[in-house]
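# Structural overview for review
So the chains spell out like this:
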Amino acid sequence: MGVEAHATNERVTGRRWTVRLDPVGRGRADVRVSCSRPACAAQVLSSAAAGRTAAIAHLKAHLRAGPAPRPSVHCACRAEECHTHIRPAGPRERPVPWRCGGAVVLAVITDREGRWWQVMECCSRCAAAHPTAKVVATAPAAEAPARNDGLRADTAAPAAPAVHAPTFSAISPHFSHSATATATGTAVPQQASGPRTSAPRSARPTRKRPPRGRIAQRLVPHDLRPVTLRDELTELGELFRAYQARTEPDLAMLADLHARKAEAFHAWAEATADTGLRLDAQRAEQAAATARLQHLHRIGQAPDGEGPAVVRLLTAPAQWNHARAVLAHVAENAPLPGAEARLLVVMVTLRTAQSGVGNLVGQDIKGLPLQDPEHLVGQLVESGWLGISGTVEELIASRPESPTRISVPSLTPDEDDPGPFTFGRKLRPKLSGWAQRVVGEKKLRKGKTGADVRLLALALATGSDGEGRLGPGGEGLGLDALSSWCSVDPADLPDLVDRLTAADWLAEADVTDTLLTGRLTERVLPLGCPLT
């Protein structure tokens, strides 16, 4: 035997390096990009997005400039007892090279949050076992070492031809944290085992695992049973992520999601005897109860078994939305300018909203703060917006036992146009009664407030939340919208706000250049139509 026969065939461990994205300091927006390779200096970028872009570019530069994977190396992860190796039954043992399999590849592994990227020179079996791995290059099959078992060269079994695995380009790898869980497939070289031949492993059908679900920072196991529980957990994770992407909160929906999560986590805990899951289920129950209570408070209702927090004149969100729809329609279609004309149009619209016709008596008009009601009604009739059965004088003099029939042609439905409103006959008198209660409220009448103040009271009643705070989330209402609705100059709004404050309608009111903030007083909360 020659010296070559005793030469060792030692294999080195594969290469591995990591590119990381770390915060520079607490409370700061800039980030640090670092590479574990000795020659690479750290960079500081102004934001996480810029840091992530620089980290990916740095990693791609290494992949383009670096050598291809070597067919003779061991897995880079084998020395650390990588969990992806196949473990034998019985006591835990230190992994050994024979537990790896397939061609040597260069794989990029990243965390799902995009904070680090690791390049590993490992076997294709280990790369496939990592959920986020992407194979960017594959080494050709290594030639089998010459056998030295005493056989003559002319009688040795012929070596099986090597099957070369395809290589992958390292120019444009994808390192996104939203990458799919399956790694790029690679062909595995056929091993020679004497005269017996078998089909190459690359020709055999591969079984793909379905993508793993994720909920509350937990991965849903593939083998979780029953399957309905696994599917419910996966669906819930997707629904929670979709809810987080919403632009507006929906506390009722959030409460339902937490309730489903609590039930599913209880079942998961029973199936796996995991105490942590049981605690998560209890926390989900508490979150569901809190979200549901917040939703009820926001819409002005109370939990079951308790009295309502505020007894409102209009009791349901649908009614509040219809009230806002009527006011918005009047603002866009008022036939005459001025606050007095706007207030009269609101009241007449609510009398005729459902069918375009209704009844009116003189007290309905004389009870409004109008300087010349007869002239104003005449203007509406002359404009064609209002029709009456008789004269204006007869309308002003009419009494409840002999009301005057009125009509608004623009609100009359027909076959082609069902009209601007969708509520029914039973809701119309409720909306009309609500508007009369607001504009005829006792302190507004005693204070002899004008039509502009009462229009502002209507706007604030429909523009506050369940707690009476003005605007969505208490952020306030725009002055331009309020002045347009009240048909007054924006400079006159502070005086109107002062009059509502004096009438104990508003508290903590503050008028800026663009917003009116504050809240409705407890006294008038029953007249409110909370924003939902």
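Our structure is the block above this text.
On to the sheet that holds strand E11 (residues 404–407), then. The three strands are arranged E9-E11-E10 in an open sheet whose pairing can be described as antiparallel. Among the strands making up the open sheet, the edge pair consists of strand E9 (357–360) and strand E10 (387–388). For E9 and E11, the ladder comprises four bridges, and the chain directions are antiparallel. Along E11, the bridge assignment pairs Leu 360 with Thr 404. Here helix H7 (residues 339–352) sits on the sheet in contact with E9 and E11, set at roughly 120° to E9.

The next point concerns the state of the cysteines. Here the structure, examined in full by the defined rule, presents zero disulfides. Between Cys 40, a free cysteine, and Cys 35, which holds the nearest cysteine sulfur, the sulfur-to-sulfur gap is 3.9 Å.

This part is about empty space enclosed by the protein. In the structure shown here, the tally under the stated rule is two cavities of 30 Å³ or more. In this structure, the largest cavity spans a volume of roughly 70 Å³. If you trace the largest cavity, you find it lined by Leu 344, Met 347, Val 348, Arg 351, Leu 360, Asp 364, Ile 365, Leu 368, Ser 432 and Gln 436. Elements with a minimum of two residues in the lining of the largest cavity: H7, helix H8 (362–366) and helix H11 (427–439). Among the elements that make up the lining of the largest cavity, the one with the highest residue count is H7 (four residues). In terms of residue class, the lining of the largest cavity is built from six nonpolar, two polar and two charged. There is about 50 Å³ of room inside the second largest cavity.

Definitions and limits used
Residues numbered from 1 in each chain as written. Predicted model: local features only at pLDDT ≥ 70, side-chain atom pairs only at ≥ 80, totals over all residues. Heavy atoms only, no water. Pairing = 2+ DSSP bridges. Helix = DSSP H or I, 4+ residues; strand = E, 2+ residues; numbered from the N terminus. Contact = heavy atoms within 4.5 Å. Axes fitted to C-alpha atoms, helices over the stretch in contact; angles between N-to-C directions. Disulfide = S-S within 2.5 Å. 1 Å grid on protein atoms, 1.4 Å probe; cavity = no way out; pocket = protein on both sides within 12 Å on 5 of 7 lines; lining within 4 Å. Points joined across faces, edges and corners; volume = space filled by probe spheres on them. Nonpolar A, V, L, I, M, F, W, Y, C, P; charged D, E, K, R; others polar.

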